[in-house]
Amino acid sequence: DSGVTQTPKHLITATGQRVTLRCSPRSGDLSVYWYQQSLDQGLQFLIQYYNGEERAKGNILERFSAQQFPDLHSELNLSSLELGDSALYFCASEGANTGELFFGEGSRLTVL
Amino acid sequence: ILNVEQSPQSLHVQEGDSTNFTCSFPSSNFYALHWYRWETAKSPEALFVMTLNGDEKKKGRISATLNTKEGYSYLYIKGSQPEDSATYLCASLDNYGQNFVFGPGTRLSVLP
């Protein structure tokens, strides 16, 4: 157990819909990263937050947005969903002392 | 966005064989290099965090080296066991501390 919690674990929805994925980092970790893993692809960096502020942005689509709240949990919002958005979405928090990433179990999104 | 490359893409070895993989990353603005082990149906777990040129780290039968001047890192597994079968990811962080980019991974299969 990494200490990072992601919900939901599985989500099935239709094209054009909007979903929200939630991540709670490990206690004490301030930084949260979001990654997307599509079929046969590696981990694609989407966005990073640190203590509530956006810190870095990767290849995140304009239809996607994220935020980190005062309690440090983060949400990734995916809108106008397309079939190609079907993927496993990972959240990771960065260990304050070690710098390593601790990954949640991921949220598997299926868009039909 | 950083470009992190790994080779080989996949590798099949016999139990007891020793093996190694390569991670290439931009040497400019380097801050840290991470190695992760990713087993099927699980989340990536950190193996090593390396920051200094010439760093060598070891954990059991697995070790890693780092060359920041030429932009590469090697991961070695001595006496591979079937339980070592996994995808091994490297990730590079630049010194702006903003881009934490993973390579595509090396998928290792150890045959008994």
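Residues numbered from 1 in each chain as written. Chains lettered and ligands numbered in written order. Predicted model: local features only at pLDDT ≥ 70, side-chain atom pairs only at ≥ 80, totals over all residues. Heavy atoms only, no water.

Trainee: Report on the interface of chain B and chain A, specifying residues and quantitative values.
Mentor: Across the contact, 16 residues belong to chain B and 19 residues belong to chain A. Note on chain B versus chain A: buried area summed over both sides is about 1400 Å², and carbon and sulfur give 62% of it. Counting across the chain B and chain A interface gives zero salt bridges. One can count three residue pairs in polar contact (both at pLDDT 80 or more) joining chain B with chain A. (Contact = heavy atoms within 4.5 Å. Buried area = accessible area lost by both parts, 1.4 Å probe. Salt bridge = Lys/Arg side-chain N within 4 Å of Asp/Glu carboxyl O. Polar contact = N/O pair within 3.5 Å; in protein donor to acceptor, adjacent residues only side chain to side chain.)

Trainee: Explain the nonpolar core to me, and be specific about the residues and the numbers.
Mentor: Core analysis: the largest hydrophobic core is formed by 23 residues, its most contacted members being Leu-33, Trp-35, Phe-48, Leu-75, Tyr-88 and Leu-108 of chain B. At the level of secondary structure, the elements contributing two or more residues to this core comprise β2 (10–14), β3 (19–24), β4 (30–38), β5 (45–50), β7 (62–67), β8 (72–77), β9 (86–94) and β11 (106–111) of chain B. If we skip the residues at most four places from it in the chain, Leu-75 of chain B touches Thr-19, Asn-20, Phe-21, Trp-35, Leu-47, Phe-48, Ile-62, Ser-63, Ala-64 and Tyr-88 of chain B. Counting residues in each nonpolar core, the second largest holds 21 residues, with Leu-21, Ile-47, Ala-87 and Phe-102 of chain A among its members. (Core = buried A, V, L, I, M, F, W, Y, C linked by side-chain atoms within 4.5 Å. Buried < 20%, exposed > 50% of the residue type's maximum accessible area, 1.4 Å probe, protein only. Helix = DSSP H or I, 4+ residues; strand = E, 2+ residues; numbered from the N terminus.)

Trainee: Let's hear about the state of the cysteines: which residues, and what values?
Mentor: All names here are of chain A. If you walk through the whole model with that rule in mind, you get two disulfides over all chains. Between the sulfur atoms of Cys-23 and its disulfide partner Cys-91 the distance amounts to 1.7 Å. Taking the torsion about the S-S bond as the criterion, the Cys-23 to Cys-91 disulfide, at about -50°, is left-handed. With Cys-23 in strand β3 (residues 19–24) and Cys-91 in strand β9 (residues 87–94), this pair connects stretches of sequence that are 68 residues apart. You'll find Cys-23 and Cys-91 in the same group, each marked buried. (Disulfide = S-S within 2.5 Å.)

Trainee: So what's going on with the pairing of β7 of chain B? Residues and values would help.
Mentor: Residues and elements named next belong to chain B. Inspection of the sheet shows strand β6 (residues 56–59) paired to β7 by four bridges, in the antiparallel sense. Among the inter-strand pairings, Lys-58 is bridged to a residue of β7, identified as Ser-63. Judged from the six bridges that link them, β7 and β8 form a sheet pairing that is antiparallel. Directly across from Ser-63, in β8, lies its bridge partner Tyr-76. Between β7 and β8, which pair antiparallel in sequence order, lie four residues; one of them, Gly-71, sits at a positive phi of approximately 75°. (Pairing = 2+ DSSP bridges.)

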